[in-house]
Each structure stands twice: as C-alpha cells, then as structure tokens.
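The residues making up each chain are set out below.
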Amino acid sequence: MNQLIDRHKRVIKYLRLSVTDKCDLRCFYCMPKNFKDFEIPEHWLNFDEITQIVRVFSSLGVSSVRLTGGEPLTRRNLPSLISQLNQIPGIDDFSLSTNALQLRKQAVELKNAGITRTNISLDSLDPVRFKEITNGPLEKVLDGIMAAKKAGLNPIKINMVVMKGVNHDEVDNMVRYCVENQFILRFIETMPMGNSGREASNHYIDINTIKKQLTQKFDLVPGIVPGSGPARYMKVAGTESHIGFITPISQHFCDTCNRVRLGVEGVLYMCLGQEHSINLRPFVRNGIDDSELAKIIKNAINMKPLKHDFNDNPDNVNRIMSMTGG
C-alpha cells in the first residue's frame, strides 16, 4: 500500500480541498468586511484538474477529502464535482465544511452526489450577535443545519470559534443546542491568520479553560469520534453528543498532523501556519500524467514543516484563512 510520509515520519492521509476563496459571509476573524482580493476565476482549478489531483493523492494513500472554501456552496455545479470525486477509489471519508447559508437549497443534492457528513460553522445562537460576527442571518443558517440533518448528512459537526468578550458566554447554550439535536460540537481557538486573524486574537481564550468550565455543568466522559481532524473529544454522559476541543495555540497537535491543503488556484499548502507550498496548477494545466504528478506531490510533502509558528511568530502568515482552504 502506498503512503505519503513526510520527513518527520508523519503519514499524510487527509486533503482539505478548497473549491473557492469567496464566501457569502464576512466573519470578522476570517475575512475583512471589504476584502476583494480574490483569485480570478481563470486561475481556479477546473473540475477535471481537481479530479486528477485527488486521484493522485488517493493513489498515494490519502483516504479523507474535505471540500472547503471560502464557502464551497458558492461554487457553481458543486454536486457535479462531488459526483466525479466520489468515483475515485480509495476515498472512504468525503465531507464538506460550510457556513450553511445555502445548505437548505442544496442538502439533498449534496447527499445524493456523495457527501457523507458535514462540518458547519456556528459561532452564536443569538441573531444580533451572529450578525455582528458574520454579517449574516442566523435564521437562514439554522434552517440550513436542519435541512442537512433531514437529508442525512450525518454526523453533523458544529464548529464554534470561541472568543473572549464576543461569544464565550454562549458555550453552555451551544452544548445544550447540540445535545438536543444530537450534533457533535467542537470548540476552536482563534488563530492569527492574516490581519483579521491577528485582530481576532485579541479575543483569544484558552479552550482548556472552557473545558474546565463545562465539566462543572455537564457530566463529561471520555469519547471517541471517527475522523481525520485534530479534536480531542469528551462525551456528554447519557446522550449521543460529543464535545471536541481544538487547541492549535494552547496545545498544538503538529506532531500528529496528517493533512495538507489545496487552494482553489492549485497551491498546495503544507501547513496552515507556514508558507511552505507549491503550485500544482501549471503542471496539471500543461497535461502532466499521474505518475509524474505523484512524484511532484511526494517531493512537496518533504517540505512539510515540523510545526506552525503561531505562538512564536504570529505575523508570519499574511494570507487570510479562505485563501488557504479552511
């Protein structure tokens, strides 16, 4: 069996695939409100180019693919791409990250095309506060979440970026919401990605303090949730709900990192918090065959750094999160 192994002996099994850097929300910690410096559509990988890259990654042992953005549901004909990718052998975990704004219209079609589960960003259950954080309508997002549940895009994972003085007082209510609806909840620390991320880091809170707070109000027991991500899980006793804690700053998980990210323009990023990358677009656009592309990807994986520099050098990465692919 082929495997992608970096120079630090980590096995790479997970590809996060951006299909657009555009988004129909403007979460203040991710993208500046008036940001317009998007990649031009002519530079976007087309569906056949994406399919070739994913096919080669699969041949090298990658088994998990997540479609991200920006907001992936803004990419036209996305179900068609999903159907293409779903035909690639070896991909046994095919998921989607979304803000759910357009999920009500597309949930059934996404399920039929081959998406098995979804991660949904939800930073507040208060409509006014949600608007302040995202510049979007909460009601439409909640409708999208319920449409995903009805369509069978399960399990549904709710991602909440917890920020001191912004929404940290809502964590209890978010747990109750997820328990009621049998969702998996993940609390995430802010990261200094670009100017927006660095400004949001003024609201940074150690997720471990949230975990301690929750143990005083809920009966939490050790839990395990299948998947390729970095969350450490606890289960709410007596329910089917799990709570995950994602701590890239306070307790980084770089030593077990198993993922790389492909931007919409074809740049393969080895690390969220570093600049190590290679642009695959010129190769696939010029008709490279799978075996030669596999060699390029293998060489690129050897560039994957040991860890990010968010703690020691927060100004290191100037690209915004949507440029990297979530």
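Structure first, text after, so check above.
Below is a short write-up of the structure. (Residues numbered from 1 in each chain as written. Predicted model: local features only at pLDDT ≥ 70, side-chain atom pairs only at ≥ 80, totals over all residues. Heavy atoms only, no water.)

## Notes on the overall build of the chain
A tally of helices and strands in the chain yields eleven helices and 14 strands. Seen through its principal axes, the chain has C-alpha atoms that stretch 55 × 45 × 40 Å. For the chain, the share of sequence-separated contacts (at least 6 apart) that also reach a separation of at least 24 residues comes to 73%. For the chain, the exposed surface amounts to about 14200 Å²; the carbon and sulfur share of it is 49%. Separation between the mean location of the 41 positive side-chain charges and that of the 35 negative ones in the chain comes to 2 Å. (Helix = DSSP H or I, 4+ residues; strand = E, 2+ residues; numbered from the N terminus. Contact = heavy atoms within 4.5 Å. Areas by Shrake-Rupley, 256 points an atom, 1.4 Å probe, with all protein chains shown as cover. Lys, Arg positive; Asp, Glu negative; His and termini not counted. Charge placed at Lys NZ, Arg CZ, Asp CG, Glu CD.)

## Observations concerning the packing of helix H1 (residues 47-59) against helix H2 (residues 78-85)
Where H1 meets H2, the closest approach of the two axes is 10 Å, and the angle between their N-to-C directions is 30°. Accordingly, the angle class assigned to the pair H1 and H2 is roughly parallel. As for how H1 packs across H2, the hand of that crossing is right-handed. Between H1, through Phe47, Asp48, Ile50, Thr51 and Val54, and H2, the contact on the second element is made entirely by Ser80, Leu81, Gln84 and Leu85. Across the contact of H1 with H2, the residue classes tally to five nonpolar, three polar and one charged. (Axes fitted to C-alpha atoms, helices over the stretch in contact; angles between N-to-C directions. Parallel < 35°, antiparallel > 145°, perpendicular 65-115°, else oblique. Left-handed = near helix turned anticlockwise from the far one by under 90°. Nonpolar A, V, L, I, M, F, W, Y, C, P; charged D, E, K, R; others polar.)

## Quick word on the sheet that holds strand S4 (residues 64-68)
Taken together, twelve strands build an open sheet; the order of strands is S9-S10-S11-S8-S7-S6-S5-S4-S3-S12-S13-S14 and the sheet is mixed. Each of the sheet's edge strands pairs with one partner strand only, and the pair in question is strand S9 (220-222) and strand S14 (277-279). Each adjacent strand pair in this sheet contributes to an overall mean axis angle of 25°, direction not counted. Helix-sheet contacts for H1 involve strand S3 (14-18), S4, strand S12 (259-262) and strand S13 (267-269), and the interaxial angle to S3 is about 170°. In the packing of helix H5 (residues 138-151) onto the sheet, the strands contacted are strand S6 (117-121) and strand S7 (156-161), and the crossing angle to S7 comes to about 155°. (Pairing = 2+ DSSP bridges.)

## Points about the packing of helix H3 (residues 103-113) against H5
Direction vectors running N to C along H3 and H5 enclose 20°, while the axes themselves pass 8 Å from each other. Relative to H5, H3 is oriented roughly parallel. Judged by the twist between their axes, the crossing of H3 over H5 is right-handed. The residues of H5 that touch H3, namely those facing Leu103, Arg104, Ala107, Val108 and Lys111, are Asp143, Gly144, Ala147, Ala148 and Ala151. The class makeup of the residues in the contact of H3 with H5 is six nonpolar, one polar and three charged.

## Re the layout of surface pockets
If you add up the space inside the largest pocket, you get close to 250 Å³. Asn154, Pro155, Ile156, Gln182 and Ile184 are the residues nearest the centre of the largest pocket, which is lined by 16 residues in total. Looking at side-chain class alone, the lining of the largest pocket contains seven nonpolar, five polar and four charged residues. (1 Å grid on protein atoms, 1.4 Å probe; cavity = no way out; pocket = protein on both sides within 12 Å on 5 of 7 lines; lining within 4 Å. Points joined across faces, edges and corners; volume = space filled by probe spheres on them.)

## Some thoughts on the pairing of S4
Where burial is concerned, most of S4 is hidden: five out of the five residues are buried. Burial along S4 is two-sided: Ser64, Arg66 and Thr68 facing one way and Val65 and Leu67 facing the other are all buried. Here S3 runs beside S4; their pairing, made up of five bridges, is parallel. Looking at the pairing, Arg16 lines up with Arg66 of S4. Crossover connection from S3 via H1 to parallel S4: handedness right-handed. Here S4 pairs with strand S5 (residues 93-98) via four bridges, running parallel. Looking across to S5, one finds that Arg66 is bridged to Ser95. Where the polypeptide runs from S4 across H2 and back to S5, its parallel neighbour, the crossover connection is right-handed. (Buried < 20%, exposed > 50% of the residue type's maximum accessible area, 1.4 Å probe, protein only. Right-handed = clockwise from strand over helix to strand, strands pointing away.)

## A look at H1
Over its 13 residues, H1 runs 18 Å from end to end, which matches the ideal 18 Å to within 8%, given 1.5 Å per residue. You can read the cap of H1 off the contacts: a side-chain oxygen lies 3.1 Å from the backbone nitrogen of Asp48, and it is on Asn46. Looking one or two residues past H1, Gly61 carries a phi angle of roughly 105°, positive in sign. (Expected span 1.5 Å × (residues − 1). Polar contact = N/O pair within 3.5 Å; in protein donor to acceptor, adjacent residues only side chain to side chain.)

## Side note on the packing of aromatic side chains
Summed over the entire model, instances satisfying the criterion amount to three aromatic pairs. Note on Phe28 and Tyr29: the rings are 6.0 Å apart at their centroids and 75° apart in plane angle, and the pair reads as edge-to-face. Residue classification places Phe28 among the partly exposed positions, given a relative accessible area of 29%. (Phe/Tyr/Trp six-rings, centres within 6.5 Å; stacked < 30°, edge-to-face > 60°.)

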